[in-house]
Amino acid sequence: ARILEGEGIRGVFFVTSGMVLPASPIWEHRAFRLVTDPKGRQALLRQVRSRLGALEEQALVWALKSLARPDVCDAILADAEGEAPGLTVETAELYPTRELLRAVRSRGHEIAAHGTSHRMRHTLSAAEFREELDRAKDRLEEILGERICSFSFPFNGWLLGDEAVCLDAGYEVVATVDGGRLGRRDDLLRVPRRTVHRLHDRATAFRKLVCEETGPVGPAPSTRA
């Protein structure tokens with residue numbers, strides 16, 4: 001928010017509702033905690049291979065993200081954590097508070113939905129996908145006291161027809177992470193979005209990212225980050 005405001009830009013912050021404190025660590029951060037510990041990594045490797053087949057050790061998190069259904073992913077993580085106890089994730093250091101979201105919103109930025117548990121779309125059933133949409137919307141609306149109308153797909157994963165599901169769930173804007181510029185006549189259910197990460201923490205790097213797709217940044221533009 002600080003960099004955006006310094007550039008005169010109003011941002012849209014896509015929030016995974018299951019990561020708003022108080023919250024338990026989502027599958028992704030549990031997996032990364034395991035792979036950064038030697039004992040945890042070997043435990044996770046055994047559990048992944050026993051359920052998903054032979055995989056390269058470097059592909060552990062990718063396998064959980066791309067190959068495992070949510071129930072299988074959670075079972076793998078629980079068993080691996082049982083083999084390597086004590087590997088905790090400090091959510092207080094990673095996740096936003098309700099108060100932070102309200103503060104960001106009060107400064108003119110938009111808070112939008114990014115699912116409930118940050119799962120790849122193709123690992124979810126149709127019913128699970130709709131539940132992710134509904135639960136994320138409901139929680140963020142309860143926190144902010146206003147309607148949430150924008151959503152972005154975690155990992156840019158989507159299936160044909162998902163835009164209609166999002167629209168039926170009450171979202172008016174749906175963002176991908178496909179590159180490109182948004183024109184006045186473009187479909188708001190397929191809005192291009194650029195990934196912003198820690199490499200863009202400096203204003204110069206962020207400005208370069210924005211200009212790659214939009215051209216020179218003018219006075220007080222509005223973009224989606």
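This is a predicted model, so every value here is computed, not measured.

Q: Got a minute to help me understand the pattern of salt bridges in this structure?
A: Side chains bearing opposite charge may pair, as long as their charged atoms lie close to each other. Inspection of every chain in the model, using the stated rule, returns 15 salt bridges. A salt bridge links D162 to R121; the nearest nitrogen and oxygen atoms lie 3.0 Å apart. Residue D162 is found in helix α9 (residues 162-168), and its partner R121 is found in the loop between β2 (110-113) and α8 (126-144); the two are separated by 41 residues along the sequence. For the pair formed by D162 and R121, the shared burial category is buried. The salt bridge partner of K137 is E141, with a shortest N-O separation of 2.6 Å. Of the two residues, K137 and E141 are both situated in helix α8; the distance of four residues between them amounts to about one turn of the helix. Judged by relative accessible area, which is 9%, K137 ranks as buried.

Q: Could you clarify how one ought to interpret the environment of L140 in this entry?
A: Note that L140 resides in helix α8. Spatially, the C-alpha atom of L140 lies 6.6 Å from that of S17, the residues being 123 residues apart in sequence. Not counting the four nearest positions on each side in its chain, L140 is found in contact with V15, S17, V20, L101, I111, A112, A113 and I148.

Q: Would you mind showing me how to read the environment of Y171 here?
A: Tracing the backbone through its elements, the reader meets Y171 in the loop between α9 and β4 (173-175). Sequence separation of Y171 and K137 is 34 residues, and the distance between their C-alpha atoms is 8.7 Å. Discounting residues that sit within four places of it in the chain, Y171 has contacts with A113, L133, A136, K137, I148, C149, S150, F151, C166 and L189. Of note is the side chain of Y171, whose polar atom sits 2.7 Å from the backbone oxygen of L133.

Q: Which parts of the structure should I look at to understand the environment of C149?
A: Inspection of the secondary structure puts C149 in the loop between α8 and β3 (150-152). Other than its neighbours up to four places away in sequence, C149 contacts E110, G170, Y171, E172 and V173.

Q: Whenever I open this one, the packing of helix α2 (residues 27-35) against helix α3 (residues 38-52) confuses me. Can you help?
A: When two helices pack together, their arrangement is given by the angle between the helix axes and by the axis-to-axis distance. Relative orientation of the contacting elements α2 and α3 amounts to 120°, with a least axis distance of 6 Å. Judged by residue contacts, A31, L34 and V35 of α2 engage G40, R41 and L44 from α3.

Q: Can you help me understand unusual backbone geometry in this one?
A: Most peptide bonds take the trans configuration, and most residues that are not glycine carry a negative phi. A cis amide bond links L21 to the next residue, P22, at an omega of -5°. Among the structural elements, P22 can be located in the loop between β1 (12-15) and α2. Positive phi values are uncommon outside glycine, yet F155 reaches one of about 60°. Looking at the element boundaries, F155 is found in the loop between β3 and α9.

Q: Explanation requested: the confidence of the model for the protein in the structure shown.
A: Segments scoring low in pLDDT should not have their predicted coordinates read at a detailed level. Model confidence for the protein is summarised by a mean pLDDT of 87, while 83% of its residues fall at 70 or above. Segment residues 215-225 is flagged for pLDDT under 50; beyond a separation of four residues in sequence, or across chains, it makes 24 contacts in the model.

The rules behind these values
- Residues numbered from 1 in each chain as written.
- Predicted model: local features only at pLDDT ≥ 70, side-chain atom pairs only at ≥ 80, totals over all residues.
- Heavy atoms only, no water.
- Salt bridge = Lys/Arg side-chain N within 4 Å of Asp/Glu carboxyl O.
- Helix = DSSP H or I, 4+ residues; strand = E, 2+ residues; numbered from the N terminus.
- Buried < 20%, exposed > 50% of the residue type's maximum accessible area, 1.4 Å probe, protein only.
- Contact = heavy atoms within 4.5 Å.
- Polar contact = N/O pair within 3.5 Å; in protein donor to acceptor, adjacent residues only side chain to side chain.
- Axes fitted to C-alpha atoms, helices over the stretch in contact; angles between N-to-C directions.
- pLDDT = per-residue confidence, 0-100.

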